[in-house]
Amino acid sequence: MNYNMNMPHKKNFNAPTVLTIFGATGDLMKKKLTPALFHLWNRGWLPDKCAIVGFARKDLGDNGFRSMAVNFSGGMAGIVKKDFESFAELWRYQRGNFSDSNSYAALARNLESIDEAWGMCSNKLFYLAVPPQFYEEIFTHLANSGLTKPCSDETGWTRVLVEKPFGSDLKTAERLDAMLGKLFKEEQVFRIDHYLAKESVQNILALRFSNSIFESSWDGRAIEKVEIKMLEEAGVEERGAFYDRVGTLRDVGQNHMLQMLALIAMERPAVFVASEIRKARAAALYALRPVSRDQLKRDTRRAQYIGYRQEGGVSPDSKTETYFRLAAFIDNPRWEGVPFNLESGKRLNRSVVETFVTFKHVDPCLCPPDRHVQNVLYFQLQPNQEVAVSFWTKRPGVAMELEERPLALNYSGIEKNGELVDAYEKILLDCISGDQTLFASTEEVMASWKFIDSVLDGWKNNEVPLLVYEPGSAGPIV
Ligand code: BG6
């Protein structure tokens, strides 16, 4: 794990590298990958010899692809066009069809020509920025075309980066994994959950395990409940067709939210290395108790915002949830009886990602009998990065009265100082340097699906009604 984000060690990633992006004309490329790659280049954090090859169906040549990149940069703040144009010189284009083996042969020739020009065998990174239904065919063609074979034992590693959702339930995830297992070694596969790479999410781990004051109070004896909220004002925007197949629980519950839960719930790893951290996160996820039929009705809610069915790409009689709430329990001695309440939705009245760890009421205490004083440890992960603890102190004055006061750390300013590294920059950098800490392991993915399936199975049988809510509201009332 890199402990000094401001000075990554270039020797770890300075070998010649070619990044091929499947789906290079899509939304992810525009919104996340183009800015991340530009910022890495601008900071001098890309290998000295680096090429970015876009693979997609559109009829664009290298120049057309570069112009598209320059257009994408129009939406990026503070970009000097000339700088961006120099960066775009790294870009190349390979027109191709995901299902056509000739396209992969053409890609192989394209990559060979780069190696020839450089006079060496480069490292190859393949990024699947495509809807999940294309994963299997791309993996198969990649492997069959020989593209993922390293040049030799010494040089030219190959790695694949896969976006979530990885599968649509446990069964499909297992099938995909078995297939990946035949084609690639685990150390070649980087399963992305961009939440893990967020600065603020990494801070959960740092705060928990570097501050001994939490050590003795981080369990069900001291903690009453944990809440994790990921609320969004935006709707499904242009992703209606994708979203309608997926729904909120699969889109963010199975991955981002359970990863945040894992970071809060995991045991201290024996050592802070990728394999141990991933093992500890996976163990927390495996300990999630599958939701029983009784609990399903009591502790889960699903809802859809009014107007969702009229969104582009969404079925007019869609039953897909755009909001969910559920209580998860972890079956291990540390967390016995502590609910982890998860809530997420689109088109709500605010955009925030936050977690609350509420400590139990101390008894006896100085407070009036009917007043529960509780400490809350609050993390705001978005839009601002903030950590706060609420304390109870004496209100100044003659009477012995208590008032709640926050003690807060806020990180405003890190963005201004250029210290903030975007999650996608971190993902690309870590993949190039071969650090899998912030990527989900196969065990984590399977453990999350096992839990999520227990909810989805009940929802499928209509045991929990699909509620509706007004766009711009706090979600369903019940
Ligand atoms: C994505 C989901 O993984 O995460 C989106 O598919 C969601 O639906 C997004 O909006 C939220 O990510 P961020 O980084 O904008 O908080």
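Fair warning: this is a prediction, and the values are worked out from it, not measured in the lab.

**Student:** Please provide a residue-by-residue account of the site of the ligand, values included.
**Tutor:** Around the ligand, the surrounding shell holds 13 residues, and the nearest of these are K164, Y195, E232, D251 and H256. Within the side chain of K346, one N or O atom sits 2.7 Å away from an oxygen atom of the ligand. Coverage of the ligand by the protein amounts to 80% of the 390 Å² it exposes when considered alone. Of the residues forming the shell around the ligand, the biggest block, three residues, is contributed by helix α9 (residues 240-265). The class makeup of the residues in the shell around the ligand is three nonpolar, three polar and seven charged.

**Student:** Could you give me a rundown of the domain arrangement of the chain, with the residues and numbers involved?
**Tutor:** Where interface size is given, it is often the accessible area lost as the parts come together that is meant. Assigned domains within the chain: domain 1 (17-163) and domain 2 (196-420 + 441-469). Placing the centre of domain 1 and that of domain 2 at their C-alpha centroids yields a distance of 35 Å. Taken together, the contacts link five residues of domain 1 with seven residues of domain 2. Across the domain 1/domain 2 interface, buried area totals approximately 360 Å², and carbon plus sulfur atoms make up 27% of it. Contact with domain 2 buries area across many residues of domain 1, yet D27, R43 and Q133 alone supply 66% of it, more than any other trio.

**Student:** Outline the packing of helix α1 (residues 27-42) against helix α3 (residues 81-88), supporting the account with residue identities and numerical values.
**Tutor:** At a closest axis distance of 10 Å, the pairing of α1 and α3 adopts a crossing angle of 95°. Looking at the two axes, α1 sits roughly perpendicular to α3. On α3, the residues touching T34, L37, F38 and W41 of α1 are D83, F84, S86 and F87. The class makeup of the residues in the contact of α1 with α3 is five nonpolar, two polar and one charged.

**Student:** Give me the lowdown on the environment of G75, citing residues and values where you can.
**Tutor:** Mapped onto the elements, G75 comes out in the loop between α2 (62-73) and α3. As for G75 and K31, which are separated by 44 residues in sequence, their C-alpha atoms are 8.7 Å apart.

**Student:** Can you explain unusual backbone geometry? Please cite residues and give values.
**Tutor:** Glycine aside, a negative phi is what most residues show, and trans is what most peptide bonds show. For the bond from K164 to P165, the omega torsion is 0°, close enough to zero to count as cis. Summarising the element assignment, P165 is placed in the loop between β5 (158-162) and α6 (170-183). With an omega of 0°, the peptide bond running from Q382 to P383 counts as cis. Assignment of secondary structure puts P383 in the loop between β12 (376-382) and β13 (386-394). You will see that E237, though not glycine, has its phi angle at about 50°, which is positive. One non-glycine residue, R347, adopts positive backbone phi at about 55°.

**Student:** Explain the state of the cysteines to me, and be specific about the residues and the numbers.
**Tutor:** Inspection of every chain in the model, using the stated rule, returns one disulfide. The partner cysteine of C121 in its disulfide is C151, sulfur to sulfur 1.6 Å. Torsion about the S-S bond of the C121 and C151 cystine: about 80°, corresponding to right-handed handedness. With C121 in the loop between α4 (101-118) and β4 (123-128) and C151 in the loop between α5 (135-144) and β5, this pair connects stretches of sequence that are 30 residues apart. Free of any disulfide, C50 has its nearest neighbouring cysteine sulfur in C431, separated by 12 Å. Judged by relative accessible area, which is 11%, C50 ranks as buried.

**Student:** With reference to specific residues and values, describe the pattern of salt bridges.
**Tutor:** Counted by the stated rule, this structure contains 28 salt bridges. For E444, the salt bridge is made with R281, and the minimal N-O distance between the two is 2.6 Å. On the criterion of sequence distance, the pair formed by E444 in helix α13 (residues 442-460) and R281 in helix α10 (residues 274-286) is long-range, its members being 163 residues apart. In this structure R281 comes out as buried when scored by relative accessible area, which is 1%. Residue K426 is joined to D430 by a salt bridge in which the shortest nitrogen-to-oxygen separation is 3.1 Å. You can see K426 and its partner D430 sitting in helix α12 (residues 423-433), four residues apart, about one turn around the helix. With respect to class, K426 is no different from D430; both count as buried.

Analysis parameters
Residues numbered from 1 in each chain as written. Predicted model: local features only at pLDDT ≥ 70, side-chain atom pairs only at ≥ 80, totals over all residues. Heavy atoms only, no water. Near = heavy atom within 4 Å. Polar contact = N/O pair within 3.5 Å; in protein donor to acceptor, adjacent residues only side chain to side chain. Areas by Shrake-Rupley, 256 points an atom, 1.4 Å probe, with all protein chains shown as cover. Helix = DSSP H or I, 4+ residues; strand = E, 2+ residues; numbered from the N terminus. Nonpolar A, V, L, I, M, F, W, Y, C, P; charged D, E, K, R; others polar. Domains from an automatic or database assignment. Contact = heavy atoms within 4.5 Å. Buried area = accessible area lost by both parts, 1.4 Å probe. Axes fitted to C-alpha atoms, helices over the stretch in contact; angles between N-to-C directions. Parallel < 35°, antiparallel > 145°, perpendicular 65-115°, else oblique. Disulfide = S-S within 2.5 Å. Buried < 20%, exposed > 50% of the residue type's maximum accessible area, 1.4 Å probe, protein only. Salt bridge = Lys/Arg side-chain N within 4 Å of Asp/Glu carboxyl O.

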